[in-house]
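# Observations on the three-dimensional arrangement
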Amino acid sequence: PGYDTIGVLAPIILVTIRIVQGLALGGEYGGAAVYVAEHVPDNRRGFYTSFIQITATLGLFVSLVVIMVVRGSMSPAAWSAWGWRVPFLLSIFLVAISVYIRSKMKESPLFSKLKTEGKTSKTPLKDSFGNRANWRVILIVLFGAGAGQAVIWYTAQFYVNTWLKTSVGIPGPTVATIVAIALAMGMPFFVVFGALSDRIGRKKIMMAGNLLAAISYYPIYMAMKAYSSPLNVVMLTLLVFIQVVWVTMVYGPIAAFLVEAFPARIRYTSLSLPYHFGNGWFGGFLPLIATAVVARTGNIYAGLVYPIGVAILTFIVGSIALKESHTRKIWDELHE
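Residues numbered from 1 in each chain as written. Predicted model: local features only at pLDDT ≥ 70, side-chain atom pairs only at ≥ 80, totals over all residues. Heavy atoms only, no water.

As a further point, take the overall build of the protein. A tally of regular secondary structure across the protein gives 17 helices and 0 strands. Over its C-alpha atoms the protein spans a radius of gyration of 21 Å, differing by no more than 12% from the 20 Å that the globule rule assigns to 336 residues. When its C-alpha atoms are laid out on the principal axes, the protein stretches across 65 × 45 × 35 Å. Burial status across the protein gives 45% buried among its 336 residues. Residue pairs in contact within the protein that sit at least 24 positions apart in sequence constitute 83% of those at least 6 positions apart. Side chains of the protein give 27 positive and 13 negative charges; the mean places of these two sets differ by 6 Å. (Helix = DSSP H or I, 4+ residues; strand = E, 2+ residues; numbered from the N terminus. Rg over C-alpha atoms; globule rule 2.2 N^0.38 Å. Buried < 20%, exposed > 50% of the residue type's maximum accessible area, 1.4 Å probe, protein only. Contact = heavy atoms within 4.5 Å. Lys, Arg positive; Asp, Glu negative; His and termini not counted. Charge placed at Lys NZ, Arg CZ, Asp CG, Glu CD.)

Written as structure tokens, this is what we have:
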């Protein structure tokens, strides 16, 4: 129910549900990254974990397709009244599949071995967040990897969607088509850069992605404005695709990097904080901050200051403070 029906309870309930959803995601990603990383060879960790990274973009792509199909099957009035709920209801099938798969899974070999030898943490929260040395790693990972990854991901997959509709006036269905095609074209590059990070390192690729995004955002968005009138769908799709490539550079190797940044006994708990704080705060506030800056200044490009600034911050901190980790053999922890 909306504000007209139940008043201020409407936004309160919506925000509460979103918080619950965020907590669920917090457990999902960290668990998936650790689970996959601890099942695969050390020299292929970037390749295998990059498939996890695809799922976020794949989910957005599938949701856009479902929304376009459902919306196209009914009148605008029906969509506004009740049709927008249908895509959410359809996701129940995906949840059911996920629950079934989880019921068949076992702990990773590495974790099982640590548990057998009594090397797991009995107080993971205390060991993760009550340890000054571990806090240093968490903060370096947050500002040197997670923050930049978050704003680049949100810029290419959410902010661009809003910007094309509100700042240059392209119809919503057309924007959805442009973004969906660009996402489909870009998804294979998650695996490309994940695999490449096994060979040349995670840090180089992630820092290059941050720098390229910071340098190119203004020219890209100016070009999108130029190709919006007259409308050139091909060029707009190409320009969004370039932004998605920057996403794959910073996001493709990051699961493997996060796993390698923390010891196995507190890995799940420790890596979840910088990843989700980065995405939830730095990324989550991007649409609000960028849109507010545009509204305040009247300059449709002014909102880019935020993602560019964060990407530069991450490039500087990461280049100075991050250690290359792709050669780390996580099974060696069993002998420490």
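Take helix α11 (residues 188-200) next. Under the 1.5 Å per step criterion, the end-to-end length of α11 is 19 Å for 13 residues, consistent within 8% with the ideal 18 Å. Every buried residue of α11 is listed here: Phe 190, Val 191, Phe 193, Gly 194, Ser 197 and Asp 198. Elements that come into contact with the buried residues of α11 comprise α3 (45-72), α10 (172-186), α12 (202-226) and α13 (233-251). A positive backbone phi angle near 110° is found at Gly 201, which sits one or two residues after α11. (Expected span 1.5 Å × (residues − 1).)

Tracing the backbone shows Val 310 in helix α17 (residues 305-321). With a relative accessible area of 8%, Val 310 lands in the buried category. Taking C-alpha positions, Val 310 is 8.6 Å from Phe 143, a pair spaced 167 residues apart along the chain.

Let us look at unusual backbone geometry. What you tend to see is this: most non-glycine residues have negative phi, and most peptide bonds are trans. That bond from Ser 229 to Pro 230 is cis: its omega, 0°, falls within 30 degrees of zero. With respect to the element layout, Pro 230 can be found in the loop between α12 and α13.

Below, the discussion takes up the side chain of Gln 157. Within the secondary structure, Gln 157 is located in helix α9 (residues 132-166). There is a polar contact of 2.8 Å between the side chain of Gln 157 and the side chain of Thr 57. Residue contacts for Gln 157: discarding those within four places in its chain leaves Thr 57, Leu 60 and Leu 183. (Polar contact = N/O pair within 3.5 Å; in protein donor to acceptor, adjacent residues only side chain to side chain.)

Before going further, it helps to examine the packing of aromatic side chains. With the rule as written, the count across this model stands at 17 aromatic pairs. Their ring planes at 90° and their centres at 5.3 Å tell us that Phe 47 and Phe 51 sit as a pair that is edge-to-face. With Phe 47 and Phe 51 both in helix α3 and 4 residues apart, this pair spans about one turn of that helix. Its relative accessible area of 18% is what places Phe 47 among the buried residues. One aromatic cluster is present, formed by Trp 153, Tyr 154, Phe 158, Phe 190, Tyr 251 and Tyr 275 through successive ring pairs. Sitting above the plane of the Phe 47 ring, Arg 44 keeps its charged end 4.5 Å from the centroid. (Phe/Tyr/Trp six-rings, centres within 6.5 Å; stacked < 30°, edge-to-face > 60°. Lys NZ or Arg CZ within 6 Å of the ring centre and 35° of its normal.)

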